[in-house]
Amino acid sequence: MARHIYSCPLRWSDMDAFGHVNNVVFLRYLEEARIDFMFRLAPGDGSPSFSGGSVVARHEIDYVRPLVHRHAPVTIESWVTKITAASLTIAYEVKDPDQVYVRASTVVVPYNLAEERPRRITAEEKHFLQEYLDQEPAVV
């Protein structure tokens, strides 16, 4: 099982009044990592996969430790924990080599923008996602 690695820069505006990265900002970090992951199989490579859109059906976030602003980026590891006919679940760890700040998951539904409705995962998408499939949940 592979994990997608995303190096996420921290921005000065990400901080809250206590000098920590604000809890809502973590959703943006997860979005950046998820988009980077999903568009590895993208129209730029000639594939129509995921180009029709997707919607987030659910987020779940466990805040483990505060993340203080710094110049060095934080690492976000992403992998797939579940694939159904019309959705996938992506798990994440926002971390440094020696500690985890956030564990999270997102349920994503592929979406047909032209028809304005959810659609099924294609065989090509499923093949790509299975390379990152790990059905064991991360330890909280």
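The structure this text deals with has already been given above.
Residues numbered from 1 in each chain as written. Predicted model: local features only at pLDDT ≥ 70, side-chain atom pairs only at ≥ 80, totals over all residues. Heavy atoms only, no water.

1. Brief notes about the nonpolar core
- Counting residues in each nonpolar core, the largest one holds 28 residues, and the members touching the most others are Tyr-29, Phe-37, Leu-67, Ile-76 and Leu-129.
- No other element matches the 7 residues that helix α1 (residues 25–38) contributes to this core.
- Once residues within four sequence positions are removed from consideration, Ile-76 is found in contact with His-4, Ile-5, Tyr-6, Cys-8, Tyr-29, Ala-33, Tyr-92, Glu-93 and Val-94. (Core = buried A, V, L, I, M, F, W, Y, C linked by side-chain atoms within 4.5 Å. Buried < 20%, exposed > 50% of the residue type's maximum accessible area, 1.4 Å probe, protein only. Helix = DSSP H or I, 4+ residues; strand = E, 2+ residues; numbered from the N terminus. Contact = heavy atoms within 4.5 Å.)

2. Structural notes on the side chain of Asp-134
- Tracing the backbone through its elements, the reader meets Asp-134 in the segment after α2 (123–130).
- Buried and unpaired, Asp-134 has Arg-3 as its nearest opposite-charge partner, separated by 4.4 Å.
- Contacts of Asp-134, omitting those with residues within four sequence positions, involve Met-1, Arg-3, Trp-79, Val-80 and Thr-81. (Lys, Arg positive; Asp, Glu negative; His and termini not counted. Salt bridge = Lys/Arg side-chain N within 4 Å of Asp/Glu carboxyl O.)

3. So, the pairing of strand β4 (residues 88–96)
- Counting buried positions over the 9 residues of β4 gives 9, a clear majority of the element.
- Relative to β4, strand β3 (residues 74–83) runs antiparallel, the two sharing 8 bridges. Across the sheet, the residue bridging to Trp-79 is Ala-91, located in β4.
- The turn joining β3 and β4, which pair antiparallel and follow one another in sequence, is formed by 4 residues.
- Looking at chain direction, β4 and strand β5 (residues 99–112) are connected through 9 bridges and run antiparallel. The partner of Val-94 across the bridge, within β5, is Val-102. (Pairing = 2+ DSSP bridges.)

4. Points about the pattern of salt bridges
- Going through the model one piece at a time under the given rule, you end up with 11 salt bridges.
- Across the pair Arg-11 and Asp-14 runs a salt bridge whose closest N-O atoms are separated by 3.6 Å.
- Under the relative-accessibility criterion, Arg-11 is labelled partly exposed at 30%.
- Of the residues examined, Asp-14 reaches a relative accessible area of 2% and is grouped as buried.
- With a shortest N-O distance of 3.0 Å, Arg-11 and Glu-32 are connected by a salt bridge. One end of the pair, Arg-11, is in the loop between β1 (4–8) and α1; the other, Glu-32, is in helix α1, with 21 residues separating them in the sequence.
- Within this structure, Arg-3, Glu-77, Glu-93, Lys-95 and Arg-103 form a network of salt bridges that share partners.

The values reported here are purely geometric and, on their own, carry no functional implication.
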